[in-house]
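The chain contents come next:
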Amino acid sequence: MESQNTISPGKVGLNYGIYLGLIIILIQVVMYVTGMALEGVQWPMYIYYVIFAVLIFAAVKSYKQKNAGFLTLSEALKTGLSAAAISAVIFLVYNVLFFYIIEPGYGEMMLDVARDKMLEDGNMTEDQVEMALSFSKYMINPFIGGAFWIAMSAFFGLIYSLIAGAIWKQQRPYEA
């Protein structure tokens, strides 16, 4: 008799995606409150990238444990990708709220600070600075930046879940 699987990869991915989404929001809030975001401090985001990888691996491992120790590569990918995508969508919602309701002028402030720093360094002319900032103007839009964030989260979620699935893959034995 074949046992029924009561847990889905999407359910496990949803839980871990919520954790990841809340962690990135917490990091962003801390960076905003402390002024690190305007100063261009990046180390808190590096911590998030490590946490992201760890939690994608943990999501896949958790699914395997809840699935009686069995895991297919497809289930690993579904679990990791759903966690990555959910976290990115949560972060997109936060960014929309932040840039349109909480602090509507923050994007322009970030561009002004970046412009001042580039000009202060003296390595670029004003035209070069404007050209360099033209891409940033698009990325500050929460929808465009959010779409990019979702794509990058899905890409890295795919990579990490593929690695985890290859490591922990365990097929169910065939039953007669």
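Structure report, in brief. Just so you know, these numbers come straight off a predicted model, no measurement behind them.

Analysis parameters
Residues numbered from 1 in each chain as written. Predicted model: local features only at pLDDT ≥ 70, side-chain atom pairs only at ≥ 80, totals over all residues. Heavy atoms only, no water. Axes fitted to C-alpha atoms, helices over the stretch in contact; angles between N-to-C directions. Helix = DSSP H or I, 4+ residues; strand = E, 2+ residues; numbered from the N terminus. Parallel < 35°, antiparallel > 145°, perpendicular 65-115°, else oblique. Left-handed = near helix turned anticlockwise from the far one by under 90°. Contact = heavy atoms within 4.5 Å. Nonpolar A, V, L, I, M, F, W, Y, C, P; charged D, E, K, R; others polar. Salt bridge = Lys/Arg side-chain N within 4 Å of Asp/Glu carboxyl O. Buried < 20%, exposed > 50% of the residue type's maximum accessible area, 1.4 Å probe, protein only.

**What to know about the packing of helix α1 (residues 9-34) against helix α3 (residues 43-66)**
- For the pair α1 and α3, the least separation of the axes is 9 Å and the interaxial angle reads 165°. It follows from the interaxial angle that α1 and α3 lie roughly antiparallel. In the packing of α1 onto α3, the handedness of the crossing is right-handed. Counting all contacts with α1, which are made through P9, V12, Y16, Y19, L20, I23, I24, I27, Q28 and M31, the residues of α3 involved are P44, M45, Y48, I51, F52, L55, I56, A58, A59, S62, Y63 and K66.
- Split into classes, the residues belonging to the contact of α1 with α3 amount to 19 nonpolar, 2 polar and 1 charged.

**Considerations on the pattern of salt bridges**
- Enumeration over the complete set of coordinates arrives at 3 salt bridges.
- Among the salt bridges present, the one from R115 reaches D112, with a minimum N-O distance of 3.0 Å. Separated by 3 residues within a single helix, R115 and D112 lie in helix α5 (residues 106-121), roughly one turn from each other.
- Given a relative accessible area of 18%, R115 falls into the buried group.
- Overall, the relative accessible area of 36% leaves D112 in the partly exposed class.
- In the salt-bridge network here, residues are joined through shared partners; they are D112, R115, E130 and K137.

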